[in-house]
Amino acid sequence: MLADISREEQLGILRKMLMIRRAEEHVIRFNEDYKDLIRGHFHVYIGQEATGVSVCAALTSADYVFSTHRNHGHVIAKGGDPKKVLAEIIGRETGYCRGRAGTFHVAAPELRIVHTSAIVGGCLALAAGTAFASQVQEASAVTVVFFGDGAMEEGVFYEALNMAKLWQLPLIFLMENNYRRAGRSGTSHSATELANVPRALNVDTTVIDGGNVGLVYKTASDLVRRTRAGEGPFFVEARTHPWPGNEGAHPKLVAGATHIAWAWDASGVPEKMRSWYAEGDPVLLYARELVEQGGVSRDEIQQLDAEVRKDADEAARFALESPLPDPQAAVNFAYAGGGN
Ligand SMILES: Cc1ncc(C[n+]2csc(CCOP(=O)(O)OP(=O)(O)O)c2C)c(N)n1
Ligand SMILES: [Mg+2]
């Protein structure tokens, strides 16, 4: 599968996946090491990096992406600056939304991430909106809307999917199934297979392993091409293995920071978490695959990780040293037009 991707791009994908991991390790430390630095709770994208990065690698800067409460990963995947992402997460003036959005609503219109919503399913109808706009304007832009399995319980999911199909919108529904719908346990959807739902509406549906970079990239590239050709919409279910640190609304570094060397020897991982790092961690799986199939050496990967860690440390420092917005300006940007 990796054969379809140039070596340079293979390494570019790994760099972004590592950046998401290293930046979010900082986010978790922000919460563990400082009181009230992050206001309220937060979620991370750890364990799903292969999906967001490989899908975004198949997009151009003109394509739209919509995201969720796990948006940090999608924003970095679409080319976001980790400095501005981390600054936004802790409400700093230098963040993507000048500190007004926080961890849950990081948006970056300049990257064509028009909006992010922590309301489950909150972006589905908006994504149908940009897809409709592209269709009306006869622009070639594709819209990808990322959402979780839990969003399929929301009414807006059915409305957006139905209209997208009826109007043949250039829209890809990218459902990231991590087999959890925060705060709930057990079955909360009556469909035996979630992918049967879009199929019932005659939407072309593909189920893939979301942890397999080559497969996600190939699937996304094919569907993006077909969407541009007017064959959309499409639905993709990308299955991932939930990261053990994700339990609850304040993720924890349950095994400490990820060691890239665990890709080859996971014996240093605490036993309770070892199977996830050995078999489910998309970053480590991909690093291993690159060595086995991509002709990349372990040294190169260690070197790349060291560079990314340095950049992520720098981004965290930048965020921490950035000022909070002026309290007098708290309601600026509340209404459209000029920021006042
Ligand atoms: C409309 C709405 N209902 C409930 C919540 C509380 N909530 C936050 S995340 C979440 C679970 C979402 O599950 P899923 O979409 O699968 O995303 P995951 O956290 O698994 O990535 C819930 C119920 C919310 N944010 N919005
Ligand atoms: Mg889920």
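Rules behind the numbers
Residues numbered from 1 in each chain as written. Chains lettered and ligands numbered in written order. Predicted model: local features only at pLDDT ≥ 70, side-chain atom pairs only at ≥ 80, totals over all residues. Heavy atoms only, no water. Near = heavy atom within 4 Å. Polar contact = N/O pair within 3.5 Å; in protein donor to acceptor, adjacent residues only side chain to side chain. Areas by Shrake-Rupley, 256 points an atom, 1.4 Å probe, with all protein chains shown as cover. Salt bridge = Lys/Arg side-chain N within 4 Å of Asp/Glu carboxyl O. Helix = DSSP H or I, 4+ residues; strand = E, 2+ residues; numbered from the N terminus. Buried < 20%, exposed > 50% of the residue type's maximum accessible area, 1.4 Å probe, protein only. Pairing = 2+ DSSP bridges. Axes fitted to C-alpha atoms, helices over the stretch in contact; angles between N-to-C directions. Contact = heavy atoms within 4.5 Å. Parallel < 35°, antiparallel > 145°, perpendicular 65-115°, else oblique. Left-handed = near helix turned anticlockwise from the far one by under 90°. Nonpolar A, V, L, I, M, F, W, Y, C, P; charged D, E, K, R; others polar.

Draft legend 1. Structural context of the site of ligand 1. Around ligand 1, the structure places 14 residues, and the nearest of them are H69, R70, D149, G150 and R180. A distance of 2.9 Å is found between an oxygen atom of ligand 1 and a side-chain nitrogen or oxygen belonging to N178. Protein burial of ligand 1: of its 580 Å² of free accessible surface, 76% is covered by the chains.

Draft legend 2. The arrangement of the pattern of salt bridges in detail. Scanning the model with the defined rule gives 20 salt bridges in all. Measuring nitrogen to oxygen at the nearest pair gives 3.6 Å for the salt bridge that ties K84 to E110. Taken as a pair, K84 in helix 4 (residues 82-89) and E110 in the loop between helix 4 and helix 5 (124-136) lie far apart in primary sequence, 26 residues in all. The class of K84 is partly exposed, set by a relative accessible area of 27%. Residue classification places E110 among the exposed residues on the basis of a relative accessible area of 55%. Through salt bridges with shared partners, a single ionic network connects R22, E25, D305 and R309.

Draft legend 3. Spatial organisation of the sheet that holds strand 2 (residues 143-148). One open sheet accounts for five strands, arranged 1-2-3-5-4; its pairing is parallel. Since the sheet does not close on itself, it has two edges, and those belong to strand 1 (64-66) and strand 4 (204-209), each with one partner. In this sheet, adjacent strand axes meet at a mean angle of 20° when their direction is disregarded. Examined bridge by bridge, strand 4 and strand 5 (residues 234-239) share six bridges and lie parallel to one another. Bridge pairing links T205 to F235 in strand 5. Sheet contacts for helix 5: strand 1, strand 2 and strand 3 (171-177); angle to strand 2, the most-contacted strand, approximately 170°. The sheet strands contacting helix 6 (residues 155-166) are strand 2, strand 3 and strand 5, and the helix crosses strand 3 at an angle near 145°.

Draft legend 4. Structural context of the environment of V142. Here V142 shows up in the loop between helix 5 and strand 2. Along the backbone, V142 and K84 are 58 residues apart, and their C-alpha atoms lie at a distance of 25 Å.

Draft legend 5. Here's a closer look at the packing of helix 4 against helix 11 (residues 298-321). Running from N to C, helix 4 and helix 11 point in directions that differ by 40°, and their axes come no closer than 8 Å. Relative to helix 11, the element helix 4 is oriented oblique. Two packed elements cross with a definite hand, and for helix 4 against helix 11 that hand is right-handed. Here P82, K83, L86 and A87 of helix 4 lie close against helix 11, whose contacting residues are A312, E314, A315, A316, F318 and A319. The residue inventory of the contact of helix 4 with helix 11, partitioned by class, reads eight nonpolar, no polar and two charged.

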